[in-house]
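In case you want the letters, here they are:
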Amino acid sequence: MTIQIHTLSNGFRIVTENMPGLKSAALGIWVDAGARHERLDQNGIAHFLEHMAFKGTKRRSALDIAEAIENVGGFINAYTSRENTAYYARVLEEHVPLALDVISDILLEPAFDPREIEVERGVILSEIGQSNDTPDDIIFDWLQETAFPDQPMGRPILGPSERVRAFDRDNLAAFVQEYYGPEQMILAAAGAVDHDAIVREAEKLFSHLPRRNVEASPKADFVGGEKREIKDLEQAHFTFAIEAPGYRDDDVYTGQIFSTAFGGGMSSRLFQEAREKRGLCYSIFAQASAHDDTGMFTVYAGTSGEKVGELADLTVAELRRVTEDMSDEEVERARQQMKAGMLMGLENPSARCERLARMVSIWNRVPDLEETIDKIEDVTTAKVGEFAQKLCLTGKPAMALYGPVDGAPALATLKDKLVA
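Note that this is a predicted model, so its numbers are computed, not measured. (Residues numbered from 1 in each chain as written. Predicted model: local features only at pLDDT ≥ 70, side-chain atom pairs only at ≥ 80, totals over all residues. Heavy atoms only, no water.)

Draft legend 1. Quick look at helix 1 (residues 45-52). Counting buried residues along helix 1, eight of its eight residues qualify, which places the element largely inside the surrounding structure. Along helix 1, the positions that sit buried rather than exposed are I45, A46, H47, F48, L49, E50, H51 and M52. Elements that come into contact with the buried residues of helix 1 comprise strand 4 (75-80), strand 5 (85-92), helix 4 (114-132), helix 6 (161-164) and helix 7 (169-179). (Buried < 20%, exposed > 50% of the residue type's maximum accessible area, 1.4 Å probe, protein only. Helix = DSSP H or I, 4+ residues; strand = E, 2+ residues; numbered from the N terminus. Contact = heavy atoms within 4.5 Å.)

Take a look at the structure:
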């Protein structure tokens, strides 16, 4: 497999990976513009823009876009995250030029038809309503807001309903003009792809774009705090978070292995202790997420109102205990899970394509898989213990609770136990 990178004169980046033996390809454009790049009055517009991508261009209707890809057996989709918006497709080898043409069309020539804007506004408002009615969705937005209050990193990707109701064609066009410059775009392709052919097509489609001066998003500041909403629900939803390393921090691998060992699967100590031994919950897990300049170690559990207090105390107690007795066997199991998950996932060209884009966005290069595996292998039990110790001593956790949670301890109480 061969990874090749090329940058056009205007800063537009192209990265490809040929995967011998495949007859299909995944390709897309990742834009370094997500929820954290929005001003307060723009919150939700990156996601709105993603929805509008498929609602028509100057030369294709919404139906034309769908049929262009589906007529050749492919699929096309998009998503918005806190730091990126992605527009991607999967097609057979011979239809790669078509997919690239469609994706470039929706990015460069969106129609922003006022009628379609109103239709999609209704769809997004329904999506927001559904999220607000789903406790194990909304709880993570609350946790993010509590961890990063009054800053872009803490705002919901979907945005609040009142802002979504106000966006118009000019707002959408202005965000594109501000953030969709060539230096913010990465064209990634993996599978049955020809690098030189894709570069030639990209030259035709994107080389005319002028460079733009884009302001960096504000640095994320993990503040922490507590949000608790008591409501008569069947389950009590508990989330607890501590700041963790960002992508550019070498400790990101230690954090991933720690979170997997602590609560990443059925064999993890948190799952075993909370569910299997004590029966405190049905669902519980820990995860580590990473961004450009920060990250978050998170524990989530759904339990009953009667058990939420004991579960919260147990979570903190296990965090304290793991600083002293994490075993070599637990670390090795987590290491193998992380390697297997990564390598098995990358057998899919769509996953390969996304990895290419993310790596170029972060480091402007794509590390060899062997380099990544070496960093995973370098994580020792001692490093995991030290990482856990640092987590406990940060002094500013975040917590969000929803449902019959009046019996849960205050954050200050948990914090004292964490650093004791």
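So, next bit.
Draft legend 2. Spatial organisation of the sheet that holds strand 1 (residues 2-7). Pairing in this open sheet of six strands is mixed, and the strands run 1-2-6-3-5-4 from one edge to the other. Looking at which strands have only one partner, the edges of the open sheet turn out to be strand 1 and strand 4. Across the sheet, the mean angle separating the axes of adjacent strands is 15° when strand polarity is ignored. Here eight bridges tie strand 3 (residues 24-31) to strand 5, and the two strands are oriented antiparallel to one another. Residue pairing for strand 5: W30 is matched across the bridge by A86. Strands in contact with helix 1 are strand 4 and strand 5; relative to strand 4, the strand with the most contacts, it is inclined by about 170°. (Pairing = 2+ DSSP bridges. Axes fitted to C-alpha atoms, helices over the stretch in contact; angles between N-to-C directions.)

Draft legend 3. Structural context of the packing of helix 11 (residues 308-325) against helix 16 (residues 411-419). At a closest axis distance of 9 Å, the pairing of helix 11 and helix 16 adopts a crossing angle of 20°. As judged from the angle between their axes, helix 11 and helix 16 are roughly parallel. Here helix 11 runs over helix 16; the crossing is right-handed. Facing A312, D313, V316, L319 and R320 of helix 11, the residues of helix 16 in contact are L414, K417, L418 and V419. Its residues assigned to classes, the contact of helix 11 with helix 16 comprises six nonpolar, no polar and three charged. (Parallel < 35°, antiparallel > 145°, perpendicular 65-115°, else oblique. Left-handed = near helix turned anticlockwise from the far one by under 90°. Nonpolar A, V, L, I, M, F, W, Y, C, P; charged D, E, K, R; others polar.)

Draft legend 4. Representation of the packing of helix 11 against helix 15 (residues 381-393) in the model. Interhelical geometry of helix 11 versus helix 15 gives an angle of 145° and a closest axis separation of 7 Å. The two elements helix 11 and helix 15 cross, and the hand of that crossing is left-handed. Across from L319, R320, V322 and T323 in helix 11, the residues of helix 15 making contact are G385, A388, Q389 and C392. Grouping the amino acids of the contact of helix 11 with helix 15 by side-chain chemistry returns four nonpolar, three polar and one charged.

Draft legend 5. The nonpolar core, seen in detail. The biggest cluster of nonpolar side chains holds 51 residues, and the ones touching the most others in it are F12, I29, Y87, Y180 and F206. Here this core takes seven residues from helix 3 (residues 96-108), the largest share from any one element. (Core = buried A, V, L, I, M, F, W, Y, C linked by side-chain atoms within 4.5 Å.)

Draft legend 6. The arrangement of helix 12 (residues 328-345) in detail. Over its 18 residues, helix 12 runs 25 Å from end to end, which matches the ideal 26 Å to within 8%, given 1.5 Å per residue. Looking at helix 12, one finds that the buried residues are E330, V331, A334, R335 and K339. For helix 12, the angular spread of buried residues about the axis comes to 160°, placing them on one side. Along helix 12, exposed side chains directed more than 90 degrees from the buried face belong to E329 and M344. Where helix 12 is buried, its residues touch helix 9 (252-263), helix 10 (269-277), helix 11, helix 14 (369-377) and helix 15. (Expected span 1.5 Å × (residues − 1). Arc of directions from axis to C-beta.)

Draft legend 7. Fine view of the side chain of S259. Along the polypeptide, S259 turns up in helix 9. S259 sits in the buried class, given a relative accessible area of 2%. If near-sequence neighbours (up to four positions away) are discounted, S259 is found in contact with G264, A286, Q287, A288 and F297.

Draft legend 8. How the structure looks around the environment of L393. As for its placement among the helices and strands, L393 is situated in helix 15. Judged by its relative accessible area of 51%, L393 is exposed. Between the C-alpha atoms of L393 and K415, which are 22 residues apart in sequence, the distance is 9.3 Å.

Draft legend 9. Molecular detail of the pattern of salt bridges. For the structure on display, the rule yields 34 salt bridges. Residue D113 pairs with R115 through a salt bridge whose shortest N-O separation is 2.9 Å. R115 sits in the exposed class, given a relative accessible area of 64%. One salt bridge connects R278 with E273, and the closest N-O pair in it is separated by 3.1 Å. R278 gets classed as partly exposed once you look at its relative accessible area, which sits at 42%. (Salt bridge = Lys/Arg side-chain N within 4 Å of Asp/Glu carboxyl O.)

Draft legend 10. Spatial organisation of the pairing of strand 3. Counting buried positions over the eight residues of strand 3 gives eight, a clear majority of the element. Burial along strand 3 is two-sided: S24, A26, G28 and W30 facing one way and A25, L27, I29 and V31 facing the other are all buried. Note: strand 3 against strand 6 (residues 185-191), seven bridges, orientation antiparallel. Bridge pairing in strand 6 links A26 to A190.

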